[in-house]
Amino acid sequence: MPSYNLNHLRELEAESIFVIREVVAQFEKPVLMFSGGKDSIVMLHMAVKAFRPARLPFPLLHIDTGHNFPETLRFRDNLVEHLKAKLVVGSVQDSIDKGRVQEEKGVNASRNILQTVTLLDTIEACGFDAAMGGGRRDEEKARAKERFFSHRDEFGQWDPRNQRPELWNLFNGKKLQGEHFRVFPLSNWTEMDVWQYILMENIEMPSLYFAHHREWVNRKGVLLAKSDYIKLQEGENWEKLRIRFRTIGDMSCTGAALSNASCVEEIIDEVAAARQTERGSRADDKRSETSMEDRKKDGYF
């Protein structure tokens, strides 16, 4: 059975809970971004611990691309009902119907990039002044540039070269009218930390994270699961093997990994041996060398 450093995980937990409580203290209308993925589940778990026995003092926000895994949506709804939490859903399909965004065409079309407009519209419509997300610095080079408190201007844009210093865990949440913050309580966590914490706390996870038989196609090194949103190209065929997902997102761009890991302990062993980051299997991050940073500058999480 994999071991974990209890003191290390408790220090990370204490830091994250401090950040979450600081958000509630500094902002009038915060919200917690919830995708149904492991990082947002861990963040929500700590938010519950931070304020129990009271209910969460903020709602959850899910940006629904319309191409989510059904397992993710079922898990989300069950957890929200269990916690008696308030859930706000921003719909990419609604943004398309209103002409706010235009659906991509072609074989590799994805709605992932369209989430930015839906997210910014939902934040403005609901008046949220701080949105907490599960982004971690080890995920991707653009996310490594983030502070805990990440300022966004009146257009929802991020300037990585003009961020506020954060010394001695002092966070500056001052903003002008129309501006808001993105906050990342898990900034100092790694993928290994997340899974070891899940094991330690015995947190329930969506079935997608565990090995299961599924049909998939290998497209330029990305294993895409069979769905109505993936159209086979010439020479491609569906194969059926045991796979699992290291990250959960839009079905059109979220890649899987061949795996036999059927429990958290086995996932930890896999993560320890992995030589690729979890976002290395995301097709949307492969569009250009700076794809994530470009999207974040425009308002993506």
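Residues numbered from 1 in each chain as written. Predicted model: local features only at pLDDT ≥ 70, side-chain atom pairs only at ≥ 80, totals over all residues. Heavy atoms only, no water.

**Some points on the domain arrangement of the chain**
By domain assignment, the chain separates into domain 1 (8-193 + 290-298) and domain 2 (205-286). Tallying the contact residues gives 30 residues for domain 1 and 30 residues for domain 2. Interface area for domain 1 against domain 2, summed over the two sides, is near 2,500 Å², with a carbon-plus-sulfur share of 53%. Three residues stand out in domain 1 for area buried against domain 2, namely His67, Phe69 and Glu191, and they jointly supply 27% of the buried area on that side. Taken together, the links from domain 1 to domain 2 amount to two salt bridges. Notably, a salt bridge pairs Glu191 with Arg246, separated by 2.6 Å at the nearest N-O pair. (Domains from an automatic or database assignment. Contact = heavy atoms within 4.5 Å. Buried area = accessible area lost by both parts, 1.4 Å probe. Salt bridge = Lys/Arg side-chain N within 4 Å of Asp/Glu carboxyl O.)

**Here we look at the sheet that holds strand β1 (residues 30-33)**
Spatially, the six strands line up as an open sheet ordered β3-β2-β1-β4-β6-β5, and their pairing is mixed. A single partner strand is all that each edge strand has here, and the edge strands are β3 (87-91) and β5 (149-152). Sheet twist, expressed as the average angle between the axes of neighbouring strands with direction ignored, equals 30°. Relative to strand β6 (residues 180-183), strand β4 (residues 130-132) runs parallel, the two sharing three bridges. Paired with Ala131 across the two strands is Arg182, which belongs to β6. (Pairing = 2+ DSSP bridges. Helix = DSSP H or I, 4+ residues; strand = E, 2+ residues; numbered from the N terminus. Axes fitted to C-alpha atoms, helices over the stretch in contact; angles between N-to-C directions.)

**Observations concerning the confidence of the model for the chain**
In this model, the chain carries a mean pLDDT of 87, and residues with pLDDT of at least 70 account for 90%. Across residues 282-287, confidence stays below pLDDT 50; counting only partners more than four residues off in sequence or on other chains, it has 25 contacts. (pLDDT = per-residue confidence, 0-100.)

**Considerations on the environment of Arg137**
Within the secondary structure layout, Arg137 lies in the loop between β4 and β5. Exposure remark for Arg137: the relative accessible area of 25% places this residue in the partly exposed category. With 52 residues separating them in the primary sequence, Arg137 and Trp189 have C-alpha atoms 7.5 Å apart. One polar contact links the side chain of Arg137 to the main-chain carbonyl oxygen of Glu146, over a distance of 3.1 Å. Here Asn188 takes part through its side chain, which lies 2.6 Å from a polar atom of the side chain of Arg137. (Buried < 20%, exposed > 50% of the residue type's maximum accessible area, 1.4 Å probe, protein only. Polar contact = N/O pair within 3.5 Å; in protein donor to acceptor, adjacent residues only side chain to side chain.)

**Some details on helix α2 (residues 38-51)**
Here α2 is 14 residues long and its end C-alpha atoms lie 20 Å apart, about the 20 Å a rise of 1.5 Å per residue gives. When we look at burial in α2, the residues that qualify are Lys38, Asp39, Ser40, Ile41, Val42, Met43, Leu44, Met46, Ala47, Val48, Ala50 and Phe51. Lining the buried residues of α2 we find α1 (6-26), β1, β2 (60-64), α3 (70-83), β4 and α6 (191-201). (Expected span 1.5 Å × (residues − 1).)

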